[in-house]
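# Summary of structural features
Next come the chains, spelled out residue by residue.
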Amino acid sequence: MFGLPRKLCIDMSALEQKFLQLSWKLHPDNFVNASEQERELSLKRSSELNDAYRVLRDPLGRVEYLLEIESERKEGQTKQQAPPELLEEVFELNESLDALREAKESGGDLAELKIHLQSAENSFQEKLQEVDAQLQSVAKAWDAALDAGADAAARKKIFARMNESLNRRSYIRNLVVNVQKELETQ
C-alpha cells in the first residue's frame, strides 16, 4: 500500500508524509458524490491504510508483519516455553506469585512479598528491553541482507532469529503482565 521495500528500518517522516498523501486521496469525504460502490471501496481502502500505518509505525509490528507476509512466523509450541536461561528466575517468580496469592487468601503480610515481586517485575522489564534491542539488531541484519541480495538460506536464519526473539519477548511480556495483575489485586 505504501510502496515500501520489505525493510524493517524505515524513515518515519517519509512514512508519515506518504500516509498523509494517501489518507487525503482515499478519504471517504472525497467520494461523497460517487457511487455507493466507490464510497464503500474508499472506506475500505481508508481503513486498510490506517491499519497499515499503525503496523508500520511500530517496530515490533513491522517484524511480525514481515514474518507473516513471508510465511515465516513460528509460534505455537515454542512460544510459551521458558527460555532456558530464565528457568530459575521463572520458577522463583511463580513461587513468589503463589506465596502472594496464599497470603492474600489468609490475610497475611503482603508488603515483603510485593517488594520482592516488584523487584522481579523490574528485572523482567529490563529483559524486555534487552529483547527489544536484539530485535533492533536483527532488523538491521535483515535490511543489510536484503541490500546484499542474500540467498534463501541466509534469510531463513534471520527469520529464525526474529522468531526466537519474538517468542522470548512474548513469554517475558506475559510474565510481566501476570506480576502486574497480582500486584494490582488486593
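Residues numbered from 1 in each chain as written. Predicted model: local features only at pLDDT ≥ 70, side-chain atom pairs only at ≥ 80, totals over all residues. Heavy atoms only, no water.

## Side note on the overall build of the protein
Looking only at helices and strands, the protein features six helices and zero strands. When its helices and strands are written in sequence order, the protein yields α-α-α-α-α-α. On C-alpha atoms alone, the protein measures out to a radius of gyration of 22 Å, which is more than a quarter above the 16 Å that the 2.2 N^0.38 rule sets for 186 residues. By principal-axis analysis of the C-alpha atoms, the protein measures approximately 70 × 45 × 30 Å. Considering only residue pairs separated by 6 or more positions, the protein has 74% of its internal contacts joining residues 24 or more positions apart. Just so you have it, the protein exposes about 11,900 Å², and 49% of that area is on carbon and sulfur atoms. Computed over 26 positive and 34 negative side-chain charges, the inter-centroid distance for the protein is 7 Å. (Helix = DSSP H or I, 4+ residues; strand = E, 2+ residues; numbered from the N terminus. Rg over C-alpha atoms; globule rule 2.2 N^0.38 Å. Contact = heavy atoms within 4.5 Å. Areas by Shrake-Rupley, 256 points an atom, 1.4 Å probe, with all protein chains shown as cover. Lys, Arg positive; Asp, Glu negative; His and termini not counted. Charge placed at Lys NZ, Arg CZ, Asp CG, Glu CD.)

## Remarks on the environment of W24
Looking at the element boundaries, W24 is found in helix α1 (residues 12-26). Among the residues examined, W24 registers a relative accessible area of 65% and is labelled exposed. Residues W24 and M162, spaced 138 residues apart in sequence, show a C-alpha to C-alpha distance of 35 Å. (Buried < 20%, exposed > 50% of the residue type's maximum accessible area, 1.4 Å probe, protein only.)

## Remarks on the packing of aromatic side chains
A complete count under the given rule lists three aromatic pairs for this structure. Seen from their ring centres, F2 and Y53 are 6.5 Å apart, and the 35 degrees between their planes marks the pair as tilted. Here Y53 lies in helix α2 (residues 36-57) and F2 lies in the segment before α1, a separation of 51 residues in the sequence. Judged by its relative accessible area of 11%, Y53 is buried. Arranged with centres 3.9 Å apart and planes meeting at 5 degrees, the rings of F19 and Y53 form a pair that is stacked. Of this pair, F19 sits in helix α1 while Y53 sits in helix α2, and the two are 34 residues apart along the sequence. (Phe/Tyr/Trp six-rings, centres within 6.5 Å; stacked < 30°, edge-to-face > 60°.)

## Section: the pattern of salt bridges
Counted under the stated rule, the structure contains 13 salt bridges. For R45, the salt bridge identified is with E48, shortest N-O distance 3.7 Å. Of the two residues, R45 and E48 are both situated in helix α2; the distance of three residues between them amounts to about one turn of the helix. Taking the shortest distance from any N to any O, the salt bridge between E85 and R168 comes out at 1.9 Å. Of this pair, E85 sits in the loop between α3 (59-69) and α4 (87-106) while R168 sits in helix α6 (residues 152-184), placing them 83 residues apart in sequence. (Salt bridge = Lys/Arg side-chain N within 4 Å of Asp/Glu carboxyl O.)

## Regarding the packing of helix α5 (residues 111-147) against α6
Closest axis-to-axis distance for the α5/α6 pair is 9 Å, and the angle between their directions is 160 degrees. Considered as vectors, α5 and α6 are oriented roughly antiparallel to each other. Where α5 crosses over α6, the handedness of that crossing is left-handed. By residue class, the composition of the contact of α5 with α6 is 18 nonpolar, six polar and nine charged. (Axes fitted to C-alpha atoms, helices over the stretch in contact; angles between N-to-C directions. Parallel < 35°, antiparallel > 145°, perpendicular 65-115°, else oblique. Left-handed = near helix turned anticlockwise from the far one by under 90°. Nonpolar A, V, L, I, M, F, W, Y, C, P; charged D, E, K, R; others polar.)

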